[in-house]
Amino acid sequence: MDFRSDNTGGASPEIIAALAREAGRHDSAYGADAVSVRLQKTFADFFEREVAVFPVATGTAANALSLAALAPGYGAIYAHAQAHIAQDEANAPEFFTGGAKLVAVPGTHGRLDCDPLRRRIATATPHGVHNAQPAAVSISQTTELGTVYTPDAVAAVAEVAHSAGLGLHMDGARLANALVALDCAPADITWRAGVDILSFGATKNGALGAEAIVVFDPKRATALPFLRKRAGHLLSKQRFAAAQFEAYLDGDLWRRNAGHANAMARRLAEGLKTVRGASLPHPVEANALFPLLPDKVQVALRDAGFLFGPWGEAGSGMVRLIASFDSEPADVDRFIALSRKAGGTQ
């Protein structure tokens with residue numbers, strides 16, 4: 001009955017089994033172990049090309065270090081105003097880049113719009129050396145409002161970034177949910193569409209704790225081994241992170257987990273459309289939804305033990321509901337039934 005976040009969920013049995021297999025043996029440290037060595041091929045197969053992979057402990061580290069590889073301390077990084085790097089990372093990108101400035105760009109339903117992005121880049125340096133220099137663009141897949149970028153939408157942002165000489169970073173904390181929603185190949189919304197560096201997340205989709213930086217442009221990878229070490233994210237027993245990724249990617253686990261989470265979100269959305277006074281101001285495209293719920297409905301749900309958080313401006317009535325790989329259909333149906341009982345139907 002917990003819809004606060006997909007971070008509050010458990011871990012897939014397949015992930016736990018992979019960790020258990022590693023727990024009883026010794027191997028080399030700092031990424032020289034057999035599983036970490038195999039990981040490069042695992043990711044290469046997943047993305048259909050050679051990549052450089054750097055496991056880290058958290059998504060914030062993946063984002064901040066990726067951006068540090070793209071932007072100098074005097075640079076400007078363009079992102080949606082509600083992006084995770086702008087709202088939820090305690091200035092980690094600014095810290096690890098050595099002072100790069102985050103520049104907010106507007107966009108509909110959490111997606112960055114290309115026209116204002118192009119204008120802000122083009123007008124960024126009227127005073128030359130006195131201004132932050134455009135260095136990178138960052139987009140989130142899925143967005144902070146649960147929407148997705150199609151391959152064409154990613155390519156459009158990449159065209160704006162690359163035409164100005166900027167690198168493109170993607171925060172892929174929920175990449176699997178976007179892939180299932182779009183029913184496309186991982187390459188289609190990453191390197192084929194112009195992404196240079198990806199923060200690849202698995203923790204939200206059933207891993208115990210596994211995040212990685214995936215670099216598609218080899219020139220961008222040169223500094224990352226040193227940036228990662230300096231930041232304290234070179235894992236001594238990296239094989240335990242690598243084993244999680246291997247279990248996550250070597251079969252269909254990532255797809256099954258994300259497919260279930262997305263299906264539960266759609267089930268919630270369809271049910272809430274029948275509740276009087278409820279509305280969905282943003283499209284429900286992956287595993288998150290942001291309904292406006294009457295106060296009496298929210299009170300009834302919380303009294304029944306459901307967990308979820310407020311969102312948006314205070315008093316707006318908006319809440320955030322995120323479905324997980326282990327969300328129970330019965331909990332979804334009870335949430336809908338209680339909402340109808342408290343608010344009536346329409």
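Fair warning: this is a prediction, and the values are worked out from it, not measured in the lab.

### Overview of the pattern of salt bridges
Part 1 of the reasoning: A full pass over the atoms with the stated rule returns 18 salt bridges.
Part 2 of the reasoning: With a closest N to O distance of 2.9 Å, Arg-192 and Glu-48 form a salt bridge. With Arg-192 in the loop between helix H8 (175-182) and strand S6 (197-201) and Glu-48 in the loop between helix H2 (34-47) and strand S1 (52-56), this pair connects stretches of sequence that are 144 residues apart.
Part 3 of the reasoning: For Asp-188, the salt bridge identified is with Arg-192, shortest N-O distance 2.8 Å.

### Details of H2
Part 1 of the reasoning: Taking 1.5 Å as the rise per residue, H2 with 14 residues should run 20 Å; its terminal C-alpha atoms sit 21 Å apart, in good agreement.
Part 2 of the reasoning: When we look at burial in H2, the residues that qualify are Val-35, Ser-36, Leu-39, Thr-42, Phe-43, Ala-44, Phe-46 and Phe-47.
Part 3 of the reasoning: Its side-chain oxygen at 3.1 Å from the backbone nitrogen of Val-35, Asp-33 defines the N-terminal cap of H2.

### Structural notes on the packing of H2 against helix H10 (residues 239-249)
In helix packing, the relevant descriptors are the interaxial angle and the interaxial distance, both defined with respect to the helix axes.
Part 1 of the reasoning: The N-to-C vectors of H2 and H10 enclose an angle of 30°; their axes lie 9 Å apart at closest approach. Relative to H10, H2 is oriented so that their crossing is left-handed. Taking contact as the criterion, the partners of Val-35, Ser-36, Arg-38, Leu-39, Thr-42, Phe-43 and Phe-46 in H2 are, on H10, Arg-239, Ala-242, Ala-243, Phe-245, Glu-246 and Leu-249.
Part 2 of the reasoning: Tallied by class, residues from the contact of H2 with H10 come to 8 nonpolar, 2 polar and 3 charged.

### Topic: unusual backbone geometry
Part 1 of the reasoning: In this structure, the amide linkage connecting Gln-141 to the following residue, Thr-142, adopts the cis form with an omega of 5°.
Part 2 of the reasoning: Despite not being glycine, Tyr-30 shows a phi value in the positive range, around 60°.
Part 3 of the reasoning: The phi dihedral of Asn-91 falls on the positive side, at around 65°, and the residue is not glycine.
Part 4 of the reasoning: Structurally, Asn-91 is set in the loop between helix H4 (84-87) and helix H5 (92-97).

### Points about helix H13 (residues 329-343)
Part 1 of the reasoning: For H13, spanning 15 residues, the distance from its first C-alpha to its last is 21 Å, which sits close to the expected 21 Å at 1.5 Å a residue.
Part 2 of the reasoning: Buried within H13 are the following residues: Asp-331, Val-332, Phe-335, Ile-336, Ser-339 and Gly-343. One side of H13 holds all its buried residues, which, seen down the axis, span an arc of 140°. Exposed residues on H13 whose side chains face more than 90 degrees from its buried face are Ala-330 and Lys-341.
Part 3 of the reasoning: Check the buried side of H13 and you find it contacts helix H11 (253-272), helix H12 (295-303) and strand S10 (319-322).
Part 4 of the reasoning: Once H13 ends, the next one or two residues include Gly-344, with phi positive near 85°.

### A closer look at the nonpolar core
Part 1 of the reasoning: Phe-43, Phe-47, Tyr-78, Leu-117, Val-137, Phe-200 and Tyr-248 are the most contacted members of the largest nonpolar core, which has 56 residues in total.
Part 2 of the reasoning: When residues of this core are assigned to their parent elements, the largest contribution, 6 residues, is made by H10.
Part 3 of the reasoning: Counting residues in each nonpolar core, the second largest holds 23 residues, with Leu-65, Leu-70, Ile-77 and Ala-135 among its members.

### A few points about the packing of aromatic side chains
Part 1 of the reasoning: Per the stated rule, a full pass over the model turns up 16 aromatic pairs.
Part 2 of the reasoning: With 5.9 Å between their ring centres and 85° between their planes, Phe-46 and Phe-200 make a pair best called edge-to-face. Of the two residues, Phe-46 is situated in helix H2 and Phe-200 in strand S6; the sequence distance between them amounts to 154 residues.
Part 3 of the reasoning: By relative accessible area, which is 12% here, Phe-46 ends up buried.

### Thoughts on the pairing of S1
Part 1 of the reasoning: Burial within S1 is extensive, with 4 of its 5 residues counted as buried.
Part 2 of the reasoning: Where S1 lies against strand S7 (residues 211-215), 5 bridges are found, and the strand directions are antiparallel. Within S7, the residue paired with Val-56 across the bridge is Glu-211.

### Comments concerning empty space enclosed by the protein
Part 1 of the reasoning: For the structure on display, the rule yields 5 cavities of 30 Å³ or more.
Part 2 of the reasoning: Estimates place the volume of the largest cavity at around 50 Å³.
Part 3 of the reasoning: The wall of the largest cavity is formed by Thr-142, Thr-143, Glu-144, Leu-145, Gly-146, Arg-174, Ala-288, Phe-290, Arg-320 and Ile-322.
Part 4 of the reasoning: Of the residues in the lining of the largest cavity, the class split is 4 nonpolar, 3 polar and 3 charged.

### Focus: the state of the cysteines
Part 1 of the reasoning: Tallied over the full model, the rule gives 0 disulfides.
Part 2 of the reasoning: The closest cysteine sulfur to the non-disulfide-bonded Cys-114 is located on Cys-184, 18 Å from its own sulfur.

### Brief notes about the environment of Arg-118
Part 1 of the reasoning: For Arg-118, the position within the fold is in helix H6 (residues 114-122).
Part 2 of the reasoning: A residue is classified by how much of its surface remains accessible, and Arg-118, at 39% relative accessible area, is partly exposed.
Part 3 of the reasoning: As a C-alpha pair, Arg-118 and Ala-164 span 46 residues in sequence and 8.7 Å in three-dimensional space.

What counts and how
- Residues numbered from 1 in each chain as written.
- Predicted model: local features only at pLDDT ≥ 70, side-chain atom pairs only at ≥ 80, totals over all residues.
- Heavy atoms only, no water.
- Salt bridge = Lys/Arg side-chain N within 4 Å of Asp/Glu carboxyl O.
- Helix = DSSP H or I, 4+ residues; strand = E, 2+ residues; numbered from the N terminus.
- Expected span 1.5 Å × (residues − 1).
- Buried < 20%, exposed > 50% of the residue type's maximum accessible area, 1.4 Å probe, protein only.
- Polar contact = N/O pair within 3.5 Å; in protein donor to acceptor, adjacent residues only side chain to side chain.
- Axes fitted to C-alpha atoms, helices over the stretch in contact; angles between N-to-C directions.
- Left-handed = near helix turned anticlockwise from the far one by under 90°.
- Contact = heavy atoms within 4.5 Å.
- Nonpolar A, V, L, I, M, F, W, Y, C, P; charged D, E, K, R; others polar.
- Arc of directions from axis to C-beta.
- Core = buried A, V, L, I, M, F, W, Y, C linked by side-chain atoms within 4.5 Å.
- Phe/Tyr/Trp six-rings, centres within 6.5 Å; stacked < 30°, edge-to-face > 60°.
- Pairing = 2+ DSSP bridges.
- 1 Å grid on protein atoms, 1.4 Å probe; cavity = no way out; pocket = protein on both sides within 12 Å on 5 of 7 lines; lining within 4 Å.
- Points joined across faces, edges and corners; volume = space filled by probe spheres on them.
- Disulfide = S-S within 2.5 Å.

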